[in-house]
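Fold and geometry: a report
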Amino acid sequence: MIEYAFYALIAIAFCYALYRWANYEMAKTDKLIARINAEHGISLGEDFLGTISKGVLFDRDAQKFCVFFGRRRHEILDFSYIIAWRFEPGNRHKIVLETNDLGRPQLHIPILTVQDGKHWMAKLNILFNHT
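Right, let's walk through the structure included here. Nothing here was measured: the structure is a model prediction, and the numbers come from that model.

Strand order in the open sheet formed by three strands is β5-β6-β7, and the pairing between neighbours is antiparallel. Of all strands in the sheet, those bounded by a partner on one side alone are β5 (82-88) and β7 (106-110). For this sheet, the mean inter-axis angle between neighbouring strands, taken without regard to orientation, is 20°. Two strands pair when backbone bridges link them, and strand β6 (residues 94-99) and β7 are joined in this way by five bridges, in the antiparallel orientation. Bridged to Lys94 within β7 is Pro110.

The following block contains the structure:
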């Protein structure tokens, strides 16, 4: 009986540590987004296409978006940078943003599920077709 209590205590400690780590990571992300917003005078939303390690946040009013390449590198671009987009389901689902840049003609953003991909395609249609 004591053995099971010990394992339960370890499991609870692990879950708590994981919870604290997730909160710490979210706080770091929030601070990064706030800093980017302040530096560039934009208002990026909180709805990531992808993740902080490889993803995009949008400011619909300013018609700009931020591409994240991890926490240390990001780039602010105009909506006009994107000329087309598509969802590619498969083993590794992704959304491909086609750009007007010969040096980087495509941005590949990983997506977890087909449903997420369809959801983001609808959002991208709204963002880029109604600017």
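Let us keep going from here.
Attention shifts here to the environment of Gly41. Along the polypeptide, Gly41 turns up in the loop between α1 (2-40) and β1 (49-51). Given the relative accessible area of 65%, Gly41 is considered exposed. Here the alpha-carbon distance between Gly41 and Gly117, two residues 76 residues apart in the chain, equals 29 Å.

Right, let's talk about the pattern of salt bridges for a bit. Proximity of charged atoms lets side chains of opposite charge pair with each other. Counted by the stated rule, this structure contains eight salt bridges. The salt bridge partner of Arg86 is Glu88, with a shortest N-O separation of 2.8 Å. The exposure class of Arg86 is partly exposed, given its relative accessible area of 29%. Classification of Glu88 by relative accessible area gives partly exposed; the value is 25%.

Reading the values: rules and limits
Throughout, a residue's number is its position along its own chain's written sequence, starting from 1. For a predicted model such as this one, the threshold for reporting local features is a pLDDT of at least 70, and the threshold for listing and counting side-chain atom pairs is 80 or more; totals across whole chains, interfaces and linings nevertheless cover every residue. To get the side-chain values, all heavy atoms of the structure are used, and hydrogens and water are removed first. Two strands are counted as paired when DSSP detects at least two bridges linking them. Every helix listed is a DSSP run of H or I at least four residues long, and every strand listed is a run of E at least two residues long, numbered separately from the N terminus. Fitted lines through C-alpha atoms give the axes, limited to the stretch in contact for helices. The angle between two N-to-C directions lies from 0 to 180 degrees. Think of it in three bands: residues with accessible area under 20% of the maximum for their type are buried, residues over 50% are exposed, and the middle band is partly exposed, with areas taken using a 1.4 Å probe on protein chains only. We count a salt bridge whenever a side-chain nitrogen from Lys or Arg sits within 4 Å of a carboxyl oxygen from Asp or Glu.

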